Amino acid sequence: MAVPGGNSPVWINGLAALAIMVAFSTPIHSQPKPNADRIQPLHAETQEVLLDFVARDKHEKLITDLRPDEVQIYEGGVLQHLNSFRYRTGNLEAESARKKGNAYDPLRELNLVSIVFDGMSAESRRRATEYALDFLNEGIGPNTWTGVFTLNYRLSVIQPYTKELSLLRAAVRRAGTDQYQTFAKDNVQLLKRMNSLQAGTNSATAWQYQPVSPGSAEEQGPATGIGKEAAKVLLAIQKALLRGLYQQAGGRSIDGLRTLVRSQALLPGRKTVLYVCEGLVIPPEQPELLRSVVSEANQANVSFYTLDARGLQMINNDRAARLATSAMDDDPSSGGNDIPLSLRTDPQANARELAAATGGFAMDNSNDLRGPLQRVMEDVRAHYEVTYTPESQTLDGRFRSIDVKVLRPGLRVQSRKGYYAVPLLNGEPLTVYEMAALRALNARPAPHAFDLHFSALDLGRTPEGVQYAMTFSVPTNAVRFERDVSIDRLRLRVACLALVKQISTSGVENGGAPIETVVAKVSKDVPYSIPAKQQAEFEAGTITVTIPLVLPTGRYHVEAALIDVQASTASVKRISLMVGESLQQSSFAVSDFVWVRSVHPHASSEAFDDTNPLDTTYGLITPNLTGSFSARQLPTFFFRIFGVSKPVTARMLISKNSTLVRNIALTLPPPTAPGTIAFLGQIPVRGLEPGQYEVELAIQSGGLETSRLTELVFFGSEGNPSLTR
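Note that the structure is a prediction, hence the values are computed from the model and not measured. (Residues numbered from 1 in each chain as written. Predicted model: local features only at pLDDT ≥ 70, side-chain atom pairs only at ≥ 80, totals over all residues. Heavy atoms only, no water.)

Asker: Mind laying out the confidence of the model for the chain, listing which residues take part and the relevant values?
Answerer: The share of residues in the chain with pLDDT of 70 or more is 73%, and the mean pLDDT across the chain is 78. Across residues 330-343, where pLDDT falls below 50, the model places 51 contacts with residues more than four positions away in sequence or in other chains. (pLDDT = per-residue confidence, 0-100. Contact = heavy atoms within 4.5 Å.)

Okay, structure coming up:
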């Protein structure tokens, strides 16, 4: 048994026989409960990298007779020493073992093939079914197991891994007739409508109109007859819907693919995913997710072959991608003119990158893919496999490029592009930006490059525990801007990480020390781009990032780090956290009192995210962790009350220097069905002098009373815009 480290596949023969029959049906957006019993500490071992590749000549014919002295592997430009070199085919390996009288381990030669149907239109599903059946008709090779999956609201198994062609054909036909969310169709319709409205808002430039789908009868040209201002309003709505569509579809697809990759990580042999889709959608604010899927797939020895079932396309993908990018540049619901550094708005290009970077290839823009599908099956059946121990054993989070060079002239090699050298956290690899934040958390003394505000805001009760919003806030002028002169914009980027450590006091009575175990991790990589002309006003604001997390009852320490990526600087905060009772245990409770920096209304009910405790019926709330407001800002606040079964009264008591200056009765809305009241309010500032105030929120219900205390800083200068995520 060979057990490489965190950056190469793990071979565990004893588990594989059972694992190949597991149906991978983990819900997409579920979040596992923290459990100290299954926590594994950060660790790094001497690692052996397993790499497979395919070689073809200029006629696309497989080359099967390469010698070890004809192959060179470079990692990060450094030539590596090969520990092993094999040409893998199940039949040849079995026959060789029999001739030598050796035991043959079929699991070592395992070929695992996953056919995944993503959301597609009815016509694409028809083509996809035909393509998948053609693929199966190539014949299943020795020791090859194939499974069929659908990816809609979650990754679901249609057929567990099997060698029975009749079962696989039936599963493919069933997958092709399922109903799916269809990103591609909805996306094109939104882009066409936006294209029309955008041209209609400026009659002077309407002549420059370019269709998204040239020759399409559905392309309407510049919008006319609705008025310039009305067109602007409609255009803003379409932009908000487009951003929500990318976020929803991208999160679903990425989560499903990562679930599939992680479920296969412990299996030996070559793993192949035939991803049948209409392109790969990436959430526009999280371009790092594609890099993460690629890195995890390469670590797990999983190759993606992407098949765009739309066939020959008339859509101008470049025009559509540029239109989608420009639409999100000035989306008002994102907190101003702050757009991600690199928007991934071309699904077809994303699918190509996923395939090429993991050692597969993309099949698109063609109505006849029988030849490429035959090549996929050839890759599954036979390939070269090499192992090597990297010259560098430092897990520094950097990307290690891999380059396979064949000394025989005229050959083309198909292999993985590399991996990120990161350790494992609770059995999962850290991303690159998480690694940088982890180094900051481990530094002594703790870095303090800028003033970082961090808070775990208690905002909800669930049967699983308490819903928190982990909130990072930093002054924008503390972060480095980089100017892009080509588009006259400024770029900045921050990365956030919080480790939640549960405190166990078992053994303390016998003289032992409390034990802290990492039970949860939240993180986010956040790029921004803002107009250069607005630098002064944004430098006077703040960057705020919030990440939801549910925690069960217990005592915790939370360590948080925020990285200024451009400047390579960091600040760290540590807080203690006592998590109270869950919804089933508590009859009456109130959330933390949250000062509000801004509220972004929803463009539609579909944009509401019920997993985010700061996403409310009022809109998406950005907290103000400092509690500071200017004379031209009404201090805005938010709280929730839970377990409401009797009439509730609420008052706000505002004091200065222990003298009561305001006593405000709050008019609460009726509770929702679960007995919850959400309240968003503002404090009238007329008559309040600048200074620092104590604010108490007092809640009474059925003889029970609870309160929350906080501070309000009221000053005389005007506030400034802020960046939020």
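Asker: Please give an account of helix 10 (residues 370-381) that cites residues and values.
Answerer: Given a rise of 1.5 Å per residue, 12 residues ought to cover 16 Å, and the 17 Å separating the end C-alpha atoms of helix 10 matches this to within 8%. Those residues of helix 10 that sit buried are L373, R375, V376, M377, D379 and V380. (Helix = DSSP H or I, 4+ residues; strand = E, 2+ residues; numbered from the N terminus. Expected span 1.5 Å × (residues − 1). Buried < 20%, exposed > 50% of the residue type's maximum accessible area, 1.4 Å probe, protein only.)

Asker: Please set out the nonpolar core residue by residue, giving values where relevant.
Answerer: Formed by 36 residues in total, the largest nonpolar core has its most connected members in M470, F472, V500 and L551. Breaking this core down by element, the ones donating at least two residues are strand 17 (453-462), strand 18 (465-475), strand 20 (489-504), strand 21 (515-531), strand 22 (542-551), strand 23 (554-564) and strand 24 (569-579). Setting aside residues no more than four positions away along its own chain, V500 makes contact with M470, T517, V518, V519, A520, L549, L551, Y556, H557 and V558. Residues L136, V172, M363 and M377 belong to the second largest nonpolar core, which totals 28 residues. (Core = buried A, V, L, I, M, F, W, Y, C linked by side-chain atoms within 4.5 Å.)

Asker: Pulling in residues and values, what's your account of the packing of helix 3 (residues 122-137) against helix 10?
Answerer: Relative placement of two packed helices is described by the angle separating their axes and the distance separating the axes. Relative orientation of the contacting elements helix 3 and helix 10 amounts to 45°, with a least axis distance of 9 Å. The angle between helix 3 and helix 10 falls in the class oblique. Helix 10 is crossed by helix 3, and the crossing has right-handed handedness. When helix 3 is examined against helix 10, the residues Y131, D134 and F135 are found in contact with a partner set consisting of R370, L373, V376 and M377. Broken down by class, the residue content of the contact of helix 3 with helix 10 amounts to 5 nonpolar, no polar and 2 charged. (Axes fitted to C-alpha atoms, helices over the stretch in contact; angles between N-to-C directions. Parallel < 35°, antiparallel > 145°, perpendicular 65-115°, else oblique. Left-handed = near helix turned anticlockwise from the far one by under 90°. Nonpolar A, V, L, I, M, F, W, Y, C, P; charged D, E, K, R; others polar.)

Asker: Please set out the sheet that holds strand 13 (residues 412-414) residue by residue, giving values where relevant.
Answerer: The antiparallel open sheet is built from 4 strands, whose spatial order is 4-11-1-13. Looking at strand neighbours, the two that pair on one side only are strand 4 (82-88) and strand 13, the edges of this open sheet. Recorded for the sheet is a direction-independent mean angle of 30° between the axes of neighbouring strands. As defined by bridge partners, strand 1 (residues 49-56) adjoins strand 13 across 3 bridges and the pair is classed as antiparallel. Bridge assignment links V54 to a residue of strand 13, and that residue is Q414. Across the face of the sheet, helix 10 comes into contact with strand 1, strand 4, strand 11 (383-388) and strand 13 while running at roughly 135° to strand 1. (Pairing = 2+ DSSP bridges.)

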